[in-house]
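Given next are the chains, with one letter for each unit.
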Amino acid sequence: MFITYLRRELAGRRKQTAIVAIGMALAIALVIIVNAVSSGVQLAQATVLESVYGVGTDITVSQTPTAPTAGDTSGGPQRFDFGAADGTATDGTTTVSRSRLNATRGTSTFDSTALATVTAVDNVSGASATLALENTTFNGALPTFTPGTAPAEGATPPEGGPDGAGGSSFNVDSFSVLGLDPADEAVGPLSAVTLTDGRSLTKADAGAHVAVLDSSYATSASLATGGTVAIAGTDFTIVGLVTAASADAATAANVYIPLDVAQTLSGLTGQVSNIYVQAASSTDIAQVQSDIGKALPATTVKTQADLASSVSGSLSSASDLVKNLGLWLSLIVLAAAFLIAVLFTVSGVTRRTREFGTLKAIGWSNGKIVRQVAGESLVQGLIGGAAGIAIGLLGILVVNLVAPTLTAGTTSVAAAGPGGPGAGRGFGGAAQAAATSDIVLTAPVTVSVILIAVGLSVLGGLLAGAIGGWRASRLRPAEALRSIA
Amino acid sequence: MYELTNVTKKYDQGKRSVTALSNVTLTIPDGQMVAIQGPTGGGKSTLLQMLGALDRPTAGTVHLGEADLSRLGDGKLGVIRATKIGFVFQGFNLIPTLTAQENVETALAPLGLGHADRRSRAAAALEAVGLGDRGGHLPAELSGGQQQRVAIARALVKEPAVLLADEPTGNLDEGTRDEIMDLLEGLWRDRGLTLIVVTHDSAVARRAQRRLQIKQGVLKEVA
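Residues numbered from 1 in each chain as written. Chains lettered and ligands numbered in written order. Predicted model: local features only at pLDDT ≥ 70, side-chain atom pairs only at ≥ 80, totals over all residues. Heavy atoms only, no water.

Draft legend 1. Up close: the overall build of chain B. Per the secondary structure count, chain B includes 7 helices and 10 strands. In chain B, 70% of the contacts between residues at least 6 apart in sequence involve partners at least 24 apart. When the accessible surface of chain B is totalled, it reaches about 9,300 Å², and 46% of it is carbon and sulfur. (Helix = DSSP H or I, 4+ residues; strand = E, 2+ residues; numbered from the N terminus. Contact = heavy atoms within 4.5 Å. Areas by Shrake-Rupley, 256 points an atom, 1.4 Å probe, with all protein chains shown as cover.)

Spelled out as structure tokens, the structure:
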């Protein structure tokens with residue numbers, strides 16, 4: 001009887017059923033689309049952050065560079081000094097060449113024992129230290145200078161130099177070098193690259209003069225696997241080529257070499273510039289961040305959430321739009337749909353006063369009538385839910401077909417260190433390293449989204465049914481019949 | 001057997017209290033056909049509600065057999081209505097979205113019968129009122145007389161001891177009225193029912209074994 005009555009009622013009152021179902025469907029479709037787009041935006045943010053900071057990195061540890069001390073006359077890492085005897089003199093031309101390997105500008109190094117401190121923190125499942133360096137090579141040719149001789153009046157014009165007339169020619173080349181633990185691919189830079197040729201660095205490469213090159217850099221520098229690349233005047237065998245997820249990523253470099261070798265060549269023995277940390281679970285991140293901050297008070301400890309706030313561009317705008325407008329719009333439409341369902345159900349109960357009075361008169365219990373009303377509302381909600389899922393999936397399909405491209409920008413702030421002459425850097429000011437990338441927004445369909453939709457339709461139906469049923473149960477049979485007499 | 005003792009029913013209408021029944025004492029033996037007449041607002045329907053376990057008196061007692069309807073809770077009154085009392089209303093009160101067959105089956109739903117049992121009993125009840133071939137029709141597809149026959153089938157399908165009819169012919173023309181009253185009388189005789197009919201119509205009342213008149217809540221026997 002329950003099913004028959006329910007079916008007849010819903011079929012017999014098509015208009016009410018359709019209005020309630022449409023309202024519920026639109027609300028649920030909106031919730032599904034907003035939820036899916038929100039997931040897509042989160043995925044896009046995660047992709048951006050992973051390309052910048054590496055897959056699985058929950059926390060980064062770095063040290064804020066300090067301002068140069070007053071009176072520092074070292075000239076910084078970009079300065080090359082040559083003595084009178086330096087270089088090779090041939091036919092009146094002296095050729096000089098020198099390479100230097102220094103910490104990347106805008107970064108600061110700290111003691112590598114911090115890695116052990118970080119690893120010892122509770123709920124740290126992995127940590128990897130890196131040393132970000134810059135290799136600068138100076139090549140030049142200048143006329144051979146003979147000390148102690150001054151040009152005499154009426155002497156012949158100057159000779160020598162690359163143009164044979166006393167001129168000079170200089171070339172300064174630089175590329176980035178990242179020293180990393182070759183044994184650790186789970187977290188840190190190696191997790192954010194894809195091997196395209198040869199092999200990656202392995203544990204056995206520690207202490208060896210081997211390098212993995214970024215494939216774009218290798219192409220531009222005409223380098224290939226099996227060849228060599230000179231770093232700080234030392235030849236490294238190229239064992240593989242990789243592609244970084246983003247060329248602008250903080251972990252991307254032109255050349256990757258074992259950390260210990262990088263430390264030795266740069267003279268930064270026992271120093272690192274970044275530590276990438278993976279927490280045991282997402283719920284542990286706050287605790288790990290706090291504990292690292294306490295253990296290493298001089299460092300800056302950032303989480304993915306901190307990093308996410310650095311994402312800018314249209315991806316950030318989309319995120320804000322989904323979080324604010326989308327969320328509130330969904331809630332408002334959902335509340336309106338629930339209200340419509342409740343009002344129609346209550347109105348239906350009022351209109352069916354005689355019907356329920358008659359059923360009570362022939363012996364139907366309150367419970368049976370409440371179940372009937374609730375059942376009808378529930379099915380209306382489920383019809384709306386099913387339609388909402390269909391409309392929502394269609395909406396998601398449209399989003400995925402359109403596949404809007406969002407521009408994401410990330411900025412990591414670091415204070416500049418002492419600058420060399422002509423380096424164009426300020427002293428002690430904040431330097432911003434910006435990375436931008438285009439991300440195609442996709443709206444993933446997840447089981448949880450479908451479950452949320454079904455749950456909402458059941459909730460809406462039950463809410464309307466509970467209120468309508470409660471109202472029906474309060475009808476006294478005599479009064480219900482008298483009211484229509 | 002019904003036994004009403006000093007039954008009074010009052011309704012609150014704002015600050016005013018209206019007495020619908022005043023000290024009604026009445027005994028109706030099993031199997032009797034009783035007609036209750038009276039002017040509109042005289043208390044006929046209120047008395048029928050007391051007899052039908054739809055409402056409780058403000059004072060006094062209403063017994064149906066051993067059951068004191070004035071003391072029982074809503075649940076037990078519901079069980080009595082579901083098993084012992086059948087109702088026929090002036091407006092038929094059929095559920096518009098259900099077919100004639102399904103309307104009759106609604107009276108069996110509280111009894112917990114199986115689907116097949118419900119169907120066969122409802123079909124037999126419709127057959128008994130001459131509508132065996134109209135079970136699949138919606139109320140809107142039936143005439144007034146046919147709708148009232150469906151309502152009678154619904155009232156009798158559970159084989160009650162008492163049939164209460166509230167102006168059962170009030171919405172029908174004379175010809176149909178006589179058909180319906182013939183049907184009710186026939187069923188009353190055949191099944192040994194206690195039939196209580198509330199009516200304005202003297203022609204209907206004259207068919208009853210016993211006639212009662214109620215005015216301003218006071219009940220009197222009509223000779």
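Draft legend 2. Expanded view of the interface of chain B and chain A. Listed by partner, the interface residues are 27 residues for chain B and 22 residues for chain A. Here chain B and chain A share an interface that buries about 2,100 Å² over both sides, 57% of which is from carbon and sulfur atoms. Together, Leu 54, Asn 93 and Thr 97 of chain B form the three largest contributors to the area buried by chain B at its contact with chain A, with a combined 24%. Counting every contact that joins chain B to chain A gives 1 salt bridge. Put simply, Arg 8 of chain A and Glu 102 of chain B hold a salt bridge, and the shortest N to O gap is 2.7 Å. Looking at the side of chain B that touches chain A, the elements that each hand over two or more residues are α2 (74-83) and α3 (100-106) of chain B. If one sorts the elements of the side of chain B that touches chain A by residue count, α2 of chain B sits on top with 4 residues. A breakdown of the residues in the side of chain B that touches chain A according to their chemical character gives 11 nonpolar, 7 polar and 9 charged. (Buried area = accessible area lost by both parts, 1.4 Å probe. Salt bridge = Lys/Arg side-chain N within 4 Å of Asp/Glu carboxyl O. Nonpolar A, V, L, I, M, F, W, Y, C, P; charged D, E, K, R; others polar.)

Draft legend 3. Quick peek at helix α10 (residues 366-402) of chain A. With 37 residues, α10 of chain A extends 53 Å between its outermost C-alpha atoms, agreeing within 8% with the 54 Å of an ideal straight helix rising 1.5 Å per residue. Backbone geometry just downstream of α10 of chain A places Ala 403 of chain A in the positive-phi region, at approximately 45°. (Expected span 1.5 Å × (residues − 1).)

Draft legend 4. Expanded view of the packing of aromatic side chains. Under the counting rule described, the total for this entry stands at 4 aromatic pairs over all chains. Seen from their ring centres, Tyr 5 of chain A and Trp 364 of chain A are 5.9 Å apart, and the 90° between their planes marks the pair as edge-to-face. Taken as a pair, Tyr 5 of chain A in helix α1 (residues 2-12) and Trp 364 of chain A in the loop between α9 (353-361) and α10 lie far apart in primary sequence, 359 residues in all. Of the two residues, Tyr 5 of chain A and Trp 364 of chain A, neither departs from the other in class, the shared state being buried. For the pair Phe 87 of chain B and Phe 89 of chain B, a centre-to-centre distance of 5.7 Å together with 5° between the ring planes defines the contact as stacked. In terms of burial, Phe 87 of chain B and Phe 89 of chain B fall into one category: buried. Cation over ring: Lys 368 of chain A sits above Trp 364 of chain A, and NZ or CZ is 5.1 Å from the ring centre. (Phe/Tyr/Trp six-rings, centres within 6.5 Å; stacked < 30°, edge-to-face > 60°. Buried < 20%, exposed > 50% of the residue type's maximum accessible area, 1.4 Å probe, protein only. Lys NZ or Arg CZ within 6 Å of the ring centre and 35° of its normal.)

Draft legend 5. Focus on a nonpolar patch on the surface. On the surface, Leu 327, Trp 328, Leu 331 and Ile 332 of chain A cluster together to form a nonpolar patch covering roughly 430 Å² of accessible area. Take Trp 328 of chain A: it is sitting in helix α8 (residues 314-351). (Patch = residues over 30% accessible without salt bridge, like charges linked within 9 Å, V, L, I, M, F, W, Y side chains within 5 Å.)

Draft legend 6. Broad picture of the confidence of the model for chain A. Taken over all residues, the pLDDT of chain A has a mean of 78, while the share at 70 or more is 76%. Predicted confidence for residues 412-433 of chain A stays below pLDDT 50, and this span has 53 contacts to residues more than four positions away or in other chains. (pLDDT = per-residue confidence, 0-100.)

Draft legend 7. Molecular detail of the pairing of strand β6 (residues 169-180) of chain A. Pairing between strand β5 (residues 124-143) of chain A and β6 of chain A: 12 bridges, direction antiparallel. Its bridge partner being in β6 of chain A, Thr 130 of chain A is matched across the sheet by Leu 180 of chain A. (Pairing = 2+ DSSP bridges.)

Draft legend 8. Expanded view of the sheet that holds strand β1 (residues 2-13) of chain B. All names here are of chain B. Read across the sheet, 4 strands follow the order β2-β1-β4-β5 without closing on themselves; strand pairing throughout is antiparallel. Each edge of the sheet is formed by a strand with only one pairing partner; in this case those strands are β2 (16-28) and β5 (67-68). Bridge count between β1 and strand β4 (residues 59-64): 5 bridges; the pairing is antiparallel. Directly across from Glu 3, in β4, lies its bridge partner His 63. In this fold helix α1 (residues 44-51) packs onto β1, β2 and β4, with an angle of close to 125° to the strand it touches most, β1. (Axes fitted to C-alpha atoms, helices over the stretch in contact; angles between N-to-C directions.)

Draft legend 9. The environment of Leu 69 of chain B, seen in detail. Residues and elements named next belong to chain B. Topologically, Leu 69 is positioned in the loop between β5 and α2. Leu 69 gets classed as buried once you look at its relative accessible area, which sits at 1%. Note: C-alpha distance between Leu 69 and Arg 56 (13 residues apart in sequence) is 7.0 Å. Excluding its chain neighbours within four sequence positions, the residues that come into contact with Leu 69 are Tyr 2, Met 50, Leu 51, Ala 53, Arg 56, Val 62, Leu 64, Leu 77 and Ile 80.

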